[in-house]
Amino acid sequence: MFDLSHKSALVTGAGSGIGRAIAQTLAQADALVWVADINAEGGNETVSQIKQAGGSAKFLSLDVTSAEACQGALATTGPIDILVNNAGVGAVGTILETTREDMDRMLNVNVLGVYHLSQAILPSMLERGSGSVINLASIGGVVAVRDRFAYTTTKFAVVGMTKAMALDHSHTGVRVNCLCPGRVETPFVQARLDEYPDRDAAYKEMASTQLNGRMVRPEEVAAAALYLASDEAAMVTGSCQMIDGGWSAGK
Ligand code: NAD
């Protein structure tokens, strides 16, 4: 099960956190993984870790906010079977505290990044009649997260893009799904924690939003990505996979 040999994957934001764990997990299942990131140091570190573990990976310097760079990606990578739109950024604040600059940054990376790269890679998947696109949404794409106005806005958009793409291309062999993790212990969450005056209290509060009282591990998100990438998930498209320790189930 979950054999990705002869498949090529491109994971954005794979130089850190969840993207790195997904890149490692897909490589363990024998995919050739393109580790795409704006951060060359983090990206190359992921590539080294994958190679040390016996997998195949290459670094691709890519800024997903650039439509031109996204359109040019396939020329370097060749055909992509699995696209993981993972690169994302966060910001704390209500609508009143969200500056136009923050809003633009969040929309550019979290929404337009998914749009640019999917638009660049989807035609070649459709031509070959197969492919799996996996978008990193969030718990914040399904229920609003307090003090995360811009983030919640962009992640609801990612869920919408996922469903719209899945529907429009449902008879083609190309599947589109999204992952909705709760709080995952990565540099992304560490950065949010640094914004609170009482970091320990903020950590406990963030851990407690998962009903089982702990944060999600990056490899637990990667396991779901592996399933969605595999042929075993042939009947799964347009779905949101919750990996949130029950957060969205209710209180
Ligand atoms: P992270 O900050 O650890 O890693 C994000 C990576 O994206 C970094 O390597 C960064 O360099 C890269 N990146 C940022 N902007 C980019 C751009 N314009 N082009 C290419 N790469 C870019 O974050 P993470 O926690 O691993 O989060 C990954 C994804 O998962 C994000 O979309 C995030 O919204 C989502 N997510 C995270 C959590 C969480 O609690 N950590 C929860 C739910 C969803």
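Look a little higher up for the structure.
**Considering the site of the ligand**
Here is step 1 of the chain: Residues in contact with the ligand amount to 29 residues; listed here are only the nearest, S16, D37, Y151, V184 and T186.
Here is step 2 of the chain: A distance of 2.7 Å separates an oxygen atom of the ligand from a polar side-chain atom of S16.
Here is step 3 of the chain: Measuring from an oxygen atom of the ligand, one finds a side-chain N or O atom of Y151 at 2.7 Å.
Here is step 4 of the chain: For the ligand, whose unbound accessible area comes to 820 Å², protein coverage reaches 92%.
Here is step 5 of the chain: The dominant element in the shell around the ligand, judged by the number of residues it contributes, is helix α6 (residues 187–193), at three residues.

**Digging into the pattern of salt bridges**
Here is step 1 of the chain: Within this structure, the stated rule accounts for eight salt bridges.
Here is step 2 of the chain: Across the pair R100 and D104 runs a salt bridge, and its minimum N-O distance is 2.9 Å. With R100 and D104 both in helix α4 (residues 100–128), this residue pair falls four residues apart, about one helical turn.
Here is step 3 of the chain: Here E220 and R217 are joined by a salt bridge, their closest N and O atoms 3.4 Å apart.
Here is step 4 of the chain: Residue classification places E220 among the partly exposed residues on the basis of a relative accessible area of 28%.

**Overview of the environment of A150**
Here is step 1 of the chain: Structurally, the position occupied by A150 is in helix α5 (residues 149–168).
Here is step 2 of the chain: Between the alpha carbons of A150 and A120 there is a distance of 26 Å; along the sequence they are 30 residues apart.
Here is step 3 of the chain: In this structure, A150 is in contact with T98, M103 and M106, ignoring residues within four places of it in sequence.

**Observations concerning the sheet that holds strand β4 (residues 82–85)**
Here is step 1 of the chain: Ordered in space as β3-β2-β1-β4-β5-β6-β7, the seven strands form an open sheet in which the pairing is parallel. Since the sheet does not close on itself, it has two edges, and those belong to β3 (56–61) and β7 (240–243), each with one partner. Across the sheet, the axes of successive neighbouring strands diverge by a mean angle of 20 degrees, strand direction being ignored.
Here is step 2 of the chain: For strand β1 (residues 8–12) and strand β2 (residues 32–37), the ladder comprises five bridges, and the chain directions are parallel. Counted as the bridge partner of L10 is W34 from β2.
Here is step 3 of the chain: Sheet strands touched by α4: β1, β4, β5 (131–136) and β6 (174–181). Its angle to β4, the strand with the most contacts, is close to 175 degrees.
Here is step 4 of the chain: Across the sheet, helix α8 (residues 218–229) touches β4, β5, β6 and β7, and the angle it forms with β6 is around 165 degrees.

**Observations regarding helix α3 (residues 67–77)**
Structurally, the α-helix is built with 3.6 residues per turn, so residues lying three or four positions apart point the same way.
Here is step 1 of the chain: Of all the residues in α3, the buried ones are C70, A73 and T77. Seen from one end, α3 has its buried residues packed into an arc of 30 degrees, which puts them on one side. Away from its buried face by more than 90 degrees, α3 exposes E68 and A75.
Here is step 2 of the chain: Backbone geometry just after α3 places G78 at a positive phi near 75 degrees.

**A few points about the packing of aromatic side chains**
Here is step 1 of the chain: By the definition in use, this model includes two aromatic pairs.
Here is step 2 of the chain: Here F2 and Y227 contribute two aromatic rings whose centre-to-centre distance is 6.1 Å and whose plane-to-plane angle is 75 degrees, an arrangement assigned as edge-to-face. With F2 in the segment before β1 and Y227 in helix α8, this residue pair connects regions lying 225 residues apart in the sequence.
Here is step 3 of the chain: For F2, a relative accessible area of 26% translates into the label partly exposed.
Here is step 4 of the chain: Look at Y227 and you get partly exposed, because its relative accessible area is 30%.
Here is step 5 of the chain: Arranged with centres 5.8 Å apart and planes meeting at 50 degrees, the rings of Y151 and F188 form a pair that is tilted. One end of the pair, Y151, is in helix α5; the other, F188, is in helix α6, with 37 residues separating them in the sequence.
Here is step 6 of the chain: We note R192 situated over the ring of F188; from NZ or CZ to the ring centre the distance is 5.5 Å.

**Quick look at the layout of surface pockets**
Here is step 1 of the chain: Approximately 860 Å³ is the volume found for the largest pocket.
Here is step 2 of the chain: Lining the largest pocket are 42 residues, and of these N86, A87, G88, V89 and F188 lie nearest its centre.
Here is step 3 of the chain: A per-element tally of the lining of the largest pocket places α6 first, with four residues.
Here is step 4 of the chain: Residue composition of the lining of the largest pocket, by class: 21 nonpolar, 14 polar and seven charged.
Here is step 5 of the chain: Estimates place the volume of the second largest pocket at around 280 Å³.
Here is step 6 of the chain: If you trace the second largest pocket, you find 14 residues lining it, with V145, R146, R183, E205 and T209 closest to the centre.
Here is step 7 of the chain: Looking at the lining of the second largest pocket, its residues break down into six nonpolar, two polar and six charged.

Procedures and definitions
Residues numbered from 1 in each chain as written. Predicted model: local features only at pLDDT ≥ 70, side-chain atom pairs only at ≥ 80, totals over all residues. Heavy atoms only, no water. Near = heavy atom within 4 Å. Polar contact = N/O pair within 3.5 Å; in protein donor to acceptor, adjacent residues only side chain to side chain. Areas by Shrake-Rupley, 256 points an atom, 1.4 Å probe, with all protein chains shown as cover. Helix = DSSP H or I, 4+ residues; strand = E, 2+ residues; numbered from the N terminus. Salt bridge = Lys/Arg side-chain N within 4 Å of Asp/Glu carboxyl O. Buried < 20%, exposed > 50% of the residue type's maximum accessible area, 1.4 Å probe, protein only. Contact = heavy atoms within 4.5 Å. Pairing = 2+ DSSP bridges. Axes fitted to C-alpha atoms, helices over the stretch in contact; angles between N-to-C directions. Arc of directions from axis to C-beta. Phe/Tyr/Trp six-rings, centres within 6.5 Å; stacked < 30°, edge-to-face > 60°. Lys NZ or Arg CZ within 6 Å of the ring centre and 35° of its normal. 1 Å grid on protein atoms, 1.4 Å probe; cavity = no way out; pocket = protein on both sides within 12 Å on 5 of 7 lines; lining within 4 Å. Points joined across faces, edges and corners; volume = space filled by probe spheres on them. Nonpolar A, V, L, I, M, F, W, Y, C, P; charged D, E, K, R; others polar.

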